[in-house]
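Here's the letter readout for the chains.
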Amino acid sequence: GEVSHAWPQILPGGRSVLYQVRTGMDIDPIRAAVVSLDGGKSRIVMKGGEFPRYVSSGEIVLRRGSRLVAAPFDLRRLLQTSPPISILDDLSQTIEEVPFAVSATGSIVYLPSGTGESPPGTLVWVDRQGHEKPTGAPIRQYMFPTLSPDGRRAAATIVEGGLLQVWVFDLTRGALSPVTFDGWNQFNVWTPDGRRLIFSSTRAGAANLYWEDAGGSAPPERLTNFPHHEDPGSCSPDGRFVAYAEVDPTTHW
């Protein structure tokens, strides 16, 4: 029943690894587990939390919603020895990043609530040496930028008024134009000819796949019709197929 393993950390002594186990898409089916590097045997050590980390003071810390909790952990027996307690109550709940990190001495750096969720910014070019060059795009809350095949336009999801919509920025003219208007629309993928954008939209219920003229001159066309959430990943070179991820209560991703 395990659907993913993530965030491994080699524990002191180098003979076992702490990691996250997910058995579903909600917080409750997430576990902290330890696997032995000697025999490969694993065991669940804590339940109901994300991003487990062992700290030098002898605890495992992990996130539960907006809280960071800690529980004493016996390294020799690889067991939680006491119930967890809350050590922070104002932790960011962003899903894009791990919102905290622990130093070797046990100090914790963290993102407080309300931060880390794609703050307003602009779009820039970055060369292979890391030098930035502005594109002239206006300040917005951009997410998931993608470049058109000819390199002349950039599509991005913009958060505005609590909604997510797909916009296109013309890099040659310096013009930002909306493509979508209804529902939540995100995860934009260009077709190989640069004429259309494939994206996830909730305009008719569950987030399914649609495509639309990148200039917004024609209404969107629905590509899939399933009761589960779907996000596009890439389009085949000939434009005939799209690869996507689907969240399903039985098969997960």
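Look above for the structure.
Given the structure is predicted, the values throughout are model-derived calculations rather than measurements. (Residues numbered from 1 in each chain as written. Predicted model: local features only at pLDDT ≥ 70, side-chain atom pairs only at ≥ 80, totals over all residues. Heavy atoms only, no water.)

(A) How the structure looks around the overall build of the protein. Scanning the protein from terminus to terminus reveals 0 helices and 23 strands. Across the 253 residues of the protein, 37% fall into the buried class. The long-range share in the protein, meaning contacts at least 24 apart out of those at least 6 apart in sequence, stands at 26%. When the accessible area of the protein is evaluated, it comes to approximately 14,000 Å², of which 54% is carbon and sulfur surface. In the protein, the 23 positive side-chain charges and the 27 negative ones have mean positions that sit 5 Å from each other. (Helix = DSSP H or I, 4+ residues; strand = E, 2+ residues; numbered from the N terminus. Buried < 20%, exposed > 50% of the residue type's maximum accessible area, 1.4 Å probe, protein only. Contact = heavy atoms within 4.5 Å. Areas by Shrake-Rupley, 256 points an atom, 1.4 Å probe, with all protein chains shown as cover. Lys, Arg positive; Asp, Glu negative; His and termini not counted. Charge placed at Lys NZ, Arg CZ, Asp CG, Glu CD.)

(B) Representation of the sheet that holds strand 2 (residues 16–22) within the structure. Taken in spatial order, the 4 strands line up as 1-2-3-4 in an open sheet, and their pairing is antiparallel. A single partner strand is all that each edge strand has here, and the edge strands are strand 1 (4–10) and strand 4 (42–47). Adjacent strand axes in the sheet meet at a mean angle of 30° when their direction is disregarded. Where strand 2 meets strand 3 (residues 30–36), 7 bridges bridge the pair, whose relative direction is antiparallel. Along strand 3, the bridge assignment pairs tyrosine 19 with alanine 33. (Pairing = 2+ DSSP bridges. Axes fitted to C-alpha atoms, helices over the stretch in contact; angles between N-to-C directions.)

(C) Geometry of the pairing of strand 16 (residues 163–170). Strand 16 sits mainly inside the fold: 7 of its 8 residues count as buried. Here strand 15 (residues 153–160) runs beside strand 16; their pairing, made up of 8 bridges, is antiparallel. Considered in strand 16, the bridge of glutamate 160 is made with leucine 163. Connecting strand 15 to the next strand, strand 16, in antiparallel fashion are 2 residues, including glycine 161 with a positive phi near 65°. The hairpin formed by strand 16 and strand 17 (residues 175–178) contains 4 residues between the paired strands, and glycine 174 there has a positive phi angle of roughly 75°.

(D) Geometry of the environment of tryptophan 184. As for its position among the elements, tryptophan 184 is in the loop between strand 17 and strand 18 (185–190). When the C-alpha atoms of tryptophan 184 and glutamate 2 are compared, they prove to be 30 Å apart, with 182 residues separating the residues in sequence. With near-sequence residues (within four places) excluded, tryptophan 184 lies in contact with Gly162, Leu163, Leu164, Ser200, Ser201 and Thr202.

(E) Just the environment of aspartate 150, in detail. Its place among the elements puts aspartate 150 in the loop between strand 14 (141–147) and strand 15. Between the C-alpha atoms of aspartate 150 and alanine 204, which are 54 residues apart in sequence, the distance is 32 Å. For aspartate 150, the side chain forms a polar contact with the side chain of serine 148, separated by 2.6 Å. Among the polar contacts made by the side chain of aspartate 150, one reaches the main-chain amide nitrogen of arginine 152 at a distance of 3.0 Å. (Polar contact = N/O pair within 3.5 Å; in protein donor to acceptor, adjacent residues only side chain to side chain.)

(F) Expanded view of the pattern of salt bridges. Per the counting criterion, the structure on display carries 6 salt bridges. Between aspartate 38 and arginine 15 there is a salt bridge, and its shortest N-O distance comes to 2.6 Å. Separated by 23 residues along the polypeptide, aspartate 38 in the loop between strand 3 and strand 4 and arginine 15 in the loop between strand 1 and strand 2 bring together distant segments of the chain. What makes aspartate 38 exposed here is its relative accessible area of 53%. What makes arginine 15 exposed here is its relative accessible area of 55%. We note a salt bridge from arginine 63 to glutamate 50, for which the minimum N-O separation is 2.8 Å. You can see arginine 63 sitting in strand 6 (residues 59–64) and its partner glutamate 50 sitting in strand 5 (residues 50–55), a full 13 residues away along the chain. The pair formed by arginine 63 and glutamate 50 is uniform in burial state, with each residue classed as buried. One network of salt bridges, in which partners are shared, links Arg22, Glu50 and Arg63. (Salt bridge = Lys/Arg side-chain N within 4 Å of Asp/Glu carboxyl O.)

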